[in-house]
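Listed below, chain by chain, are the residues.
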Amino acid sequence: MATGAITGFGSIYVNGVHFQTMHAVIRKNGVLVDQSQLAVGEIARVKGMKDSDSTGDADSIDVDENIVGAIDTLDSANGTLSVLGQTVRINNGTSFSSDIQPQSIGGLSVGDYIRVCGTINASGDVVATRIASSTAGDRLQVIGPVSMLNSANHTFMINALHVDYSGASLEGFAGGQPGDGDQVEVRGTVYDPASTTLSATQVERMESEHEE
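Residues numbered from 1 in each chain as written. Predicted model: local features only at pLDDT ≥ 70, side-chain atom pairs only at ≥ 80, totals over all residues. Heavy atoms only, no water.

**Thoughts on the nonpolar core**
Inference 1: Formed by 32 residues in total, the largest nonpolar core has its most connected members in Leu-108, Ile-131, Phe-156, Val-186 and Val-203.
Inference 2: Those residues in contact with Val-186, other than ones at most four positions away along the chain, are Leu-140, Gln-141, Val-142, Phe-156, Ile-158, Val-163, Leu-198, Ala-200, Gln-202 and Val-203.
Inference 3: In this structure, Val-14, Phe-19, Ala-24 and Ala-58 belong to the second largest nonpolar core, which totals 15 residues. (Core = buried A, V, L, I, M, F, W, Y, C linked by side-chain atoms within 4.5 Å. Buried < 20%, exposed > 50% of the residue type's maximum accessible area, 1.4 Å probe, protein only. Contact = heavy atoms within 4.5 Å.)

What follows is the structure in structure tokens.
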């Protein structure tokens, strides 16, 4: 399996490897999509076979956006913003969708709904590889590690975000419940910025590369 930012198409390029995608199952945020719905800068997990150091054949491609939500704070001078309690760092390697103008942090404003793909640094911040625009009607989403689990109250934290999973469906947990340290994908439709709380409708444990 290869995990990394998409750097090109004509099938797909990830980590310098050109994967053929003719027979691949492609999902984005858990939904089956066509390859045309993927973009440069999105983080892809590719399962398949490598024919050489530079070519391979993909069996499946999964792209999961780290964050989908509205910008709460924006610091253009330092290249940072926050969405759903997550700090996002923007650098020269961040690509932007064409409907963000200019295609830089200067094209963003507090309250804008965005989709963020990126890698996680040692501080738990998302170093953005791609930012695309979203809409208020889109389902909210956060990926990150569970901390400060309170199983009695059905709550936990992902960085500064409080997650209430009392009404959520749970998937992929061996014991039926999330645990501290689990890497999870949380989806929901209701977010209270005053308390930084997302009411989850779905919480799914994400398998590690070693497990897959």
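**What about the side chain of Ser-134?**
Inference 1: Looking at the element boundaries, Ser-134 is found in the loop between strand E13 (126–133) and strand E14 (140–145).
Inference 2: Within the local environment of Ser-134, its side chain forms a polar contact with the side chain of Asp-138, the two groups lying 2.6 Å apart.
Inference 3: Residue contacts for Ser-134: discarding those within four places in its chain leaves Val-68, Tyr-113, Ile-114 and Arg-115. (Helix = DSSP H or I, 4+ residues; strand = E, 2+ residues; numbered from the N terminus. Polar contact = N/O pair within 3.5 Å; in protein donor to acceptor, adjacent residues only side chain to side chain.)

**Digging into the pairing of strand E4 (residues 25–28)**
Remark: a regular strand shows side chains that alternate across the two faces of the sheet.
Inference 1: Burial along E4 is one-sided: Ile-26 and Lys-28 are buried, and none of Val-25 and Arg-27, which face the opposite way, are.
Inference 2: Sheet topology places E4 next to strand E7 (residues 55–63); four bridges connect them, and they run parallel. Paired with Arg-27 across the two strands is Asp-62, which belongs to E7.
Inference 3: For E4 and strand E5 (residues 31–32), the ladder comprises two bridges, and the chain directions are antiparallel. Looking at the pairing, Lys-28 lines up with Val-31 of E5.
Inference 4: Taking the residues that link successive antiparallel strands as the turn, the E4-E5 hairpin has two residues, and the phi of Asn-29 there is positive, at about 55°. (Pairing = 2+ DSSP bridges.)

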